[in-house]
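Overview (structure and organization)
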Amino acid sequence: MGAVTIRNVRKAYGAVEVLHGVSIDIEDGEFVILVGPSGCGKSTLLRMIAGLEDITGGDIEIGGQLVNDLEPKDRDIAMVFQSYALYPHMTVEENMAFSLKLGRVPKDEIRRRVLNAAQILGLQDYLERYPRHLSGGQRQRVAMGRAIVRNPKVFLFDEPLSNLDAKLRVQMRSEIKLNHQRLKTTTIYVTHDQIEAMTMANRIVVMHSGNIEQIGTPLELYDRPANLFVASFIGSPAMNIISGALDGTSFIFPDGKRVDLGALPSGVGNGPISLGVRPEHFSLDAQGVQAEVVLIEPTGSETQVTLRLGGKDIVGVFRERIEAQPGQSIGISFQRELAHLFAAEDGRRIER
Ligand code: ADP
Ligand code: MG
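Remember, predicted model here, so these are calculated numbers, not experimental data. (Residues numbered from 1 in each chain as written. Chains lettered and ligands numbered in written order. Predicted model: local features only at pLDDT ≥ 70, side-chain atom pairs only at ≥ 80, totals over all residues. Heavy atoms only, no water.)

Take the overall build of the chain next. When helices and strands are tallied, the chain shows 8 helices and 19 strands. Oriented by its inertia axes, the alpha-carbon framework of the chain measures out at about 75 × 45 × 35 Å. Sorting the 352 residues of the chain into buried and exposed places 48% on the buried side. Across the chain, the fraction of contacts at a sequence separation of at least 24, relative to all contacts at a separation of at least 6, is 65%. Summed over all atoms, the accessible surface of the chain reaches about 16900 Å², with 48% contributed by carbon and sulfur. (Helix = DSSP H or I, 4+ residues; strand = E, 2+ residues; numbered from the N terminus. Buried < 20%, exposed > 50% of the residue type's maximum accessible area, 1.4 Å probe, protein only. Contact = heavy atoms within 4.5 Å. Areas by Shrake-Rupley, 256 points an atom, 1.4 Å probe, with all protein chains shown as cover.)

Here it is in C-alpha cells:
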C-alpha cells in the first residue's frame, strides 16, 4: 500500500546539484528518518516525495505507482511542517476538518474522522478552542490531527518538533512513535537531531552533502557505522576518534603511547589508522593507562569526564561518581573488542 521507492533521485537548482542520486526502499508501514546536518538536502528530498519540488532525475514511486509527474494532491500523502500553520480563525475541529471539507467528504464522515483523530491525540476536550488558546504541544498535535484525518498512504514530517522546548520535544517524540505503532502508516520524517532519529525510527538514512552515507536500523548505525561521518554524527556525546598508527596489534597514540587492540583482521597492515571509542566503553581501571582529568561534568546518573589521553582530549562517560580534581590523573581502560577502526585514506570502517 504505502511503500515508497526512491531510485537514483537527483535535484539541481540551475547549475548547482544539491542531491546527487539517492536511492531508498521504504516498506509499507515503516518509520524512516532522514537525518543529517543543515543543508544536506533532507527537506528537498521530502518535498520531492510530496510533489512540491520537481525531480531533476530518477524516479519516485508511492504504493507502486510512479509519481514523478503527479500533483501533490493526487499522491495520497499528508505533510506536517515545523511551522504548523494552523488557521487562527478556525477552531481545532474546523482546522482538522478543513481538508476533508475541501475534498467534499460527507459531514458525518468528517465528524467521525475528526473525533477519531482527536481521541488518538488526546484533543477531545479542545475541539472548540482556537489555536491561540492552545500550548505549543497541543498545536503540534492539531497539525498531526489534520494529517491523520486524511488517512493517507504516507505521512511526511519536516522537523515537526524544532519549535518546541526540550521537555515537550521528548514528550512529543514518544507520542509520535506511539501513534505510529497504532496507525502503522508509512512515515518519512526529517530531522537534524540524531537523538530523534535514534529513538523513533525503524530505519535511519544518514545524509551528508546531497548523498546517503548509510541506511540502517538505529543500533546498526550505532554499532557498525560505515564511516567516520556516521560514527561522529550518531551518538551523544560523540564517539572519540583518535588518529594514530597501527604497529602489529598495537595502536600508537599521537604522543607515542601504545595500547594493545587484541585480534585484528588479517588484511590490516601497519601504518596510519583512526581508532574510534564510544564514551561509555571506557571504564575506570587502576591497572589501565593513566589519563589526566581536564573537565568533570556530573549529570547525577552518570559522570562525563574529559580526559587527556595519548596527547588527545577524549570524553568518557562513567556510571561512577568521580572524586578526582582537574589536573590529577586517573587510570582507565576501554573495551578493546568494541573499539572501531577506520581507514586513514577515506575514513571507511574496517570490519574487525
Ligand atoms: P536541509 O533540509 O537538509 O537542511 P535543504 O534540502 O533545505 O537542506 O537544502 C539543500 C541544499 O539545497 C542547500 O544547499 C540549499 O541551500 C539548497 N536549496 C534549497 N532550496 C533551494 C532553492 N529554492 N534554490 C536554490 N538552492 C536551494
Ligand atoms: Mg530542512
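Here we take up the nonpolar core. Ranked by internal contacts, the top residues of the largest apolar core, which has 46 residues, are I33, M96, Y189, I204 and I234. The leading source of residues in this core is helix α3 (residues 107-121), at 6 residues. (Core = buried A, V, L, I, M, F, W, Y, C linked by side-chain atoms within 4.5 Å.)

In a beta sheet, neighbouring strands pair by backbone hydrogen bonds and run either parallel or antiparallel. Taken together, the 5 strands give an open sheet; going across it, the order is β13-β12-β11-β14-β19, and neighbouring strands pair in antiparallel fashion. The outermost strands of the open sheet, each flanked by one partner alone, are β13 (258-260) and β19 (340-343). In this sheet, neighbouring strand axes are inclined to one another by 40° on average, regardless of whether the strands run parallel or antiparallel. (Pairing = 2+ DSSP bridges. Axes fitted to C-alpha atoms, helices over the stretch in contact; angles between N-to-C directions.)

Now for helix α4 (residues 136-148). Between its first and last C-alpha, α4 extends 18 Å over 13 residues, near the 18 Å set by a 1.5 Å rise per residue. Counting buried positions along α4 gives 11 out of 13 residues, so the element sits mostly inside the fold. Turning to α4, its buried residues number three or more, namely G137, Q138, Q140, R141, V142, A143, M144, G145, R146, A147 and I148. Considering only its buried residues, α4 is in contact with β6 (77-80), α2 (92-102), α3, β7 (154-158) and α5 (166-183). (Expected span 1.5 Å × (residues − 1).)

The next point concerns the side chain of R141. Residue position: R141 is located in helix α4. Taking the relative accessible area as the measure of exposure, R141 reaches 11% and is therefore buried. In contact with R141, other than residues within four places in its own chain, are L121, L123, Q171, M172 and E175.

Before going further, it helps to spend a moment on helix α1 (residues 42-50). Most of α1 sits out of view: 7 of its 9 residues are buried. Those residues of α1 lying buried are K42, T44, L45, L46, M48, I49 and A50. Of the residues one or two after α1, G51 is the one with positive phi, at around 90°.

Another point: the site of ligand 1. Neighbouring ligand 1 are Y13, V18, P37, S38, G39, C40, G41, K42, S43 and T44. Contact between ligand 1 and T44: an oxygen atom at 2.5 Å from a side-chain N or O atom of the residue. The fraction of the free accessible surface of ligand 1 (570 Å²) that becomes covered by protein chains is 56%. The biggest single contributor to the shell around ligand 1 is α1, with 3 residues. (Near = heavy atom within 4 Å. Polar contact = N/O pair within 3.5 Å; in protein donor to acceptor, adjacent residues only side chain to side chain.)

Entries for the chain in the domain assignment read domain 1 (4-226) and domain 2 (240-350). Taking the mean C-alpha position of each, domain 1 and domain 2 sit 39 Å from one another. Between domain 1 and domain 2, a total of about 500 Å² is buried, with carbon and sulfur atoms accounting for 43% of that surface. The interface formed by domain 1 and domain 2 contains 0 salt bridges. Class assignment of the residues belonging to the side of domain 1 that touches domain 2 gives a composition of 4 nonpolar, no polar and 2 charged. (Domains from an automatic or database assignment. Buried area = accessible area lost by both parts, 1.4 Å probe. Salt bridge = Lys/Arg side-chain N within 4 Å of Asp/Glu carboxyl O. Nonpolar A, V, L, I, M, F, W, Y, C, P; charged D, E, K, R; others polar.)

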